[in-house]
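Listed below, chain by chain, are the residues.
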Amino acid sequence: MTRGVENLEIAKLLDELADLLEIQGANPFRVRAYRNAAETVKASSRSLADLVEEGTDLTALQGVGKDLAHQLEGLIRTGTLERLEEVSREVPRSLATLTRLEGVGPKKARKLWDELGVTDLDELEEAAEAGRLEGIDGFGKKSQEKILRAITDLRQVTGRFKISEVERLTSGLVDHVREAPGVERLERVGSFRRRRETVGDVDLLVQLAPGGDGRSVVDHFASFPGAERVEARGGTKGSLVLRSGLQVDLRVIPPESWGAALHYFSGSKDHNVRVRQLAQRKGLRVNEWGVFRVTELAEDAGDEGADGVADAPNAGTRDFGERVGGATEEDVFASVGLPWIPPELRENRGEIEAGLEGRLPELVRLEDIRGDLQMHSTWSDGENSLEEMALACRDRGYEYMAITDHSPSLAMVQGLTAEKARRQWREIEEVRQRVEGLHLYRSMEVDILRDGTLDMDDEVLREMDLVLISVHSFMDLDRTEMTERVLRAMEHPLVDILGHPTGRIIGKRKSFELDVEAVLQRARELHVAVELNASPNRLDLNDVHVRRARELGVQVVISTDAHRTRGLDDMHFGVAQARRGWLEARDVLNTRSRSEFEIWLKRRETATREAGA
DNA sequence: GCCGTTTTCGGCCCGACTGTTTTCAGTCG
């Protein structure tokens with residue numbers, strides 16, 4: 001169990017190298033190759049360091065050839081990416097950060113460096129404030145101001161917003177745009193539609209009614225009172241920044257192009273590239289306006305655009321050739337031989353191949369969920385009583401629920417002592433009598449203590465219907481110690497579910513050091529389920545780990561960890577994350593009926609006895 | 001730098017908008 005270089009670190013270095021190569025003016029396809037490899041590494045459910053240790057040939061990975069495999073092995077062995085060291089001797093590494101500024105790409109970064117000697121944000125800010133940018137070819141007063149704003153933005157905004165925040169921040173704007181004349185349909189697309197855990201900016205798609213005027217829709221959009229500023233406003237596209245710093249782009253789409261645009265702007269970029277490649281092989285062109293058969297004539301028109309010769313002012317009316325689809329997403333996919341692929345899967349993580357081979361998963365849906373297995377009440381740090389939580393669960397159509405108040409080591413939330421737990425069970429019994437049509441399980445979120453023992457006596461645990469364990473303290477242990485701690489806790493024969501396994505709080509706290517692969521392997525052997533915590537602040541496990549759990553055959557529990565009745569509504573965030581991890585209903589323990597769920601609880605006991613744990 | 005129903009070379013996805021360019025490059029998604 002070595003502590004190797006993490007996949008995310010590897011991906012970051014590859015991306016940085018791509019940035020620097022781009023600034024250097026390297027072959028753009030070579031740059032693309034590094035970026036593709038970075039994506040592959042990010043999406044890999046296995047640690048590359050582990051793969052290397054096992055002797056796996058890295059060229060088996062998509063987009064990794066002989067050269068990159070060699071470089072990656074070097075990186076894992078020595079901790080440095082040799083090629084990056086080489087390139088950064090010629091181009092300062094800090095230049096890469098300049099391209100993170102809105103409106104600054106590799107060419108401009110290069111120019112700023114060449115002309116002004118600027119290498120980082122501070123120097124750029126100084127130069128811009130002194131008015132030294134105006135003099136450079138291709139820069140003017142406006143770009144100078146824009147760069148100053150972009151520097152401020154970059155420093156203020158952490159970059160990405162939680163999906164729950166985006167939902168809240170854009171609801172007013174969505175209502176506003178719906179009121180514009182000529183708006184037939186409206187959809188938030190991009191990473192929001194793919195239900196990523198965080199969203200960088202939001203794409204709003206509007207279907208224009210026949211005879212509607214795109215420009216007036218964009219103008220109405222731009223007049224939104226909550227806008228901090230309007231960045232762009234044209235005939236088919238507008239862009240603004242909300243006061244929260246969230247950027248929203250609007251695209252106006254004619255009805256015949258709705259499906260093509262929906263697909264195009266939902267992305268991901270990598271997924272779209274694959275779809276267009278498939279199209280190309282069939283002699284088709286897929287763009288945001290539709291699917292077209294490529295003819296001599298249309299190709300000429302395309303070349304003209306590329307040569308920059310007198311473009312038609314409104315691309316929406318351009319002739320791309322014979323239209324063969326694009327009104328619905330289904331016909332875009334069908335045109336390249338694919339079934340409709342749910343947005344959550346569109347990350348180029350195998351969904352294209354699965355679609356072509358007819359083995360896409362039938363993803364779990366919110367309606368499949370039969371119960372919620374982590375929530376808190378006024379018995380510890382929750383805001384609502386047992387009965388209020390029970391009624392709220394029944395309102396959501398559940399068959400069962402588990403009350404999982406904290407164990408005593410969490411002193412600040414007044415966790416349940418053994419004695420307090422027994423009193424709680426009496427109240428549970430009373431609520432069972434009063435609330436019909438829903439079963440309450442006795443449970444507890446038991447702390448995993450520093451040494452991997454549990455924060456509750458076996459005698460008490462034995463009387464519970466199910467036991468959930470999780471880490472809330474000593475989160476800075478090293479990887480070996482933390483992993484051993486969690487494994488030891490899971491091996492306790494009364495444990496059923498491992499809660500929020502990596503402990504991360506999105507945007508606030510990184511995961512603690514943990515060998516998730518080892519934990520999932522052991523979970524399978526012990527028949528312990530792992531939680532996908534549905535709180536939009538956690539979403540723990542993440543999509544990649546969830547998918548790995550499925551590959552290994554580990555049961556996943558989607559729980560809200562609600563601390564008030566409203567928190568129970570977070571379930572849909574968890575289901576979305578589960579879908580991003582390719583889970584089907586049968587992979588999710590709490591889609592089972594009450595009786596099937598209770599059979600699982602017993603099977604766990606049997607398996608543990610047989611394993612001799 | 002990768003890759004192969006265009007297979008070891010020659011391709012590699014595509015269009016809109018901005019700003020400063022008087023004919024288009026750069027950036028973004």
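Because the structure is predicted, anything quoted here is derived from the model rather than measured. (Residues numbered from 1 in each chain as written. Chains lettered and ligands numbered in written order. Predicted model: local features only at pLDDT ≥ 70, side-chain atom pairs only at ≥ 80, totals over all residues. Heavy atoms only, no water.)

1. Description of the overall build of chain A
Point 1. Counting secondary structure elements, chain A contains 25 helices and 18 strands.
Point 2. Here chain A has a C-alpha radius of gyration of 27 Å; the compact-globule value for 613 residues is 25 Å, and the two agree.
Point 3. Projected onto the principal axes, the alpha-carbon positions of chain A cover approximately 80 × 60 × 50 Å.
Point 4. Across the 613 residues in chain A, those meeting the buried criterion constitute 52%.
Point 5. Nonlocal contacts in chain A, meaning residues at least 24 apart in sequence, comprise 69% of its contacts between residues at least 6 apart.
Point 6. Per element, the accessible surface of chain A, about 27600 Å² overall, is 46% carbon and sulfur.
Point 7. The average position of the 88 basic charges and that of the 112 acidic charges among the side chains of chain A differ by 1 Å. (Helix = DSSP H or I, 4+ residues; strand = E, 2+ residues; numbered from the N terminus. Rg over C-alpha atoms; globule rule 2.2 N^0.38 Å. Buried < 20%, exposed > 50% of the residue type's maximum accessible area, 1.4 Å probe, protein only. Contact = heavy atoms within 4.5 Å. Areas by Shrake-Rupley, 256 points an atom, 1.4 Å probe, with all protein chains shown as cover. Lys, Arg positive; Asp, Glu negative; His and termini not counted. Charge placed at Lys NZ, Arg CZ, Asp CG, Glu CD.)

2. Re unusual backbone geometry
Point 1. Going from Gly267 to Ser268, the amide bond is cis rather than trans, its omega being -5°.
Point 2. Locating Ser268 in the fold gives a position in the loop between α13 (258-266) and α14 (269-281).
Point 3. Here the residue pair Asp540 and Leu541 is connected by a cis peptide bond, since its omega of 10° sits within 30 degrees of zero.
Point 4. Counting through the fold element by element, Leu541 comes out in the loop between β17 (529-533) and α23 (543-552).
Point 5. In the Ramachandran plot, Leu539 falls in the positive-phi region, its phi being about 40° despite a non-glycine side chain.
Point 6. Along the chain, the position of Leu539 falls in the loop between β17 and α23.

3. Remarks on the pattern of salt bridges
Point 1. In total, this model carries 49 salt bridges according to the counting rule given.
Point 2. For the salt bridge of Glu39 with Lys42, the shortest nitrogen-to-oxygen distance reads 3.1 Å. Taken together, the residues span about one helical turn, with Glu39 and Lys42 both in helix α2 (residues 28-43) at a distance of three residues.
Point 3. Of the charged contacts, one joins Asp543 and Arg349 as a salt bridge, the two residues approaching to 3.3 Å between their closest N and O atoms. Note that Asp543 is positioned in helix α23 and Arg349 in the loop between α16 (329-335) and α17 (351-356), a separation of 194 residues in sequence. (Salt bridge = Lys/Arg side-chain N within 4 Å of Asp/Glu carboxyl O.)

4. Side note on the layout of surface pockets
Point 1. Computed from the structure, the second largest pocket encloses a volume of approximately 640 Å³.
Point 2. Ser535, Pro536, Asn537, Arg564 and Asp570 are the residues nearest the centre of the second largest pocket, which is lined by 23 residues in total.
Point 3. If you list the elements that add at least two residues to the lining of the second largest pocket, you get α10 (163-178) and α24 (571-580).
Point 4. The element that contributes the greatest number of residues to the lining of the second largest pocket is α10, accounting for three residues.
Point 5. Its residues assigned to classes, the lining of the second largest pocket shows four nonpolar, eight polar and eleven charged.
Point 6. Counting only domains with at least three residues in the lining of the second largest pocket, you end up with domain 2 (161-253) and domain 4 (366-527 + 536-554 + 564-580 + 594-612). (1 Å grid on protein atoms, 1.4 Å probe; cavity = no way out; pocket = protein on both sides within 12 Å on 5 of 7 lines; lining within 4 Å. Points joined across faces, edges and corners; volume = space filled by probe spheres on them. Nonpolar A, V, L, I, M, F, W, Y, C, P; charged D, E, K, R; others polar. Domains from an automatic or database assignment.)

5. As for the domain arrangement of chain A
Point 1. As assigned here, chain A comprises domain 1 (7-140), domain 2 (161-253), domain 3 (256-356) and domain 4 (366-527 + 536-554 + 564-580 + 594-612).
Point 2. Summed over both sides, the interface between domain 2 and domain 3 buries roughly 1300 Å², with carbon and sulfur atoms accounting for 66% of that surface.
Point 3. Of all residues in domain 2, the largest losses of buried area upon contact with domain 3 belong to Arg193, Arg194 and Ile253, amounting jointly to 51% of the total for that side.
Point 4. The interface formed by domain 2 and domain 3 includes two salt bridges.
Point 5. The residue Glu347 makes a salt bridge to Arg194 at a minimum N-O spacing of 2.8 Å.
Point 6. Among the elements that line the side of domain 2 that touches domain 3, the one with the most residues is strand β4 (residues 201-208), at four residues.
Point 7. Of the residues that constitute the side of domain 2 that touches domain 3, the class distribution is four nonpolar, three polar and eight charged. (Buried area = accessible area lost by both parts, 1.4 Å probe.)

6. Notes on the packing of α2 against helix α4 (residues 66-78)
A pair of packed helices is characterised by two quantities: the angle between their axes and the separation of those axes.
Point 1. One can describe the packing of α2 onto α4 by two numbers: an axis separation of 12 Å at closest approach and a directional angle of 55°. On the basis of their axis angle, the class for α2 and α4 is oblique. The chirality of how α2 crosses α4 is right-handed. Facing Ala33, Tyr34 and Ala37 of α2, the residues of α4 in contact are Asp67, Leu68 and Gln71.
Point 2. Looking at the contact of α2 with α4, its residues break down into four nonpolar, one polar and one charged. (Axes fitted to C-alpha atoms, helices over the stretch in contact; angles between N-to-C directions. Parallel < 35°, antiparallel > 145°, perpendicular 65-115°, else oblique. Left-handed = near helix turned anticlockwise from the far one by under 90°.)

7. Focus: the sheet that holds strand β2 (residues 183-189)
Point 1. Strand order in the open sheet formed by five strands is β2-β4-β7-β6-β5, with mixed pairing between adjacent strands. In the strand order of this sheet, the two ends are held by β2 and β5 (227-233), each with one partner. Each adjacent strand pair in this sheet contributes to an overall mean axis angle of 20°, direction not counted.
Point 2. The sheet contacts of α10 involve β2, β4, β6 (237-242) and β7 (247-253), and relative to β2 the element is tilted by about 165°.
Point 3. Running at roughly 180° to β4, α13 makes contact with β2, β4 and β7 of the sheet. (Pairing = 2+ DSSP bridges.)

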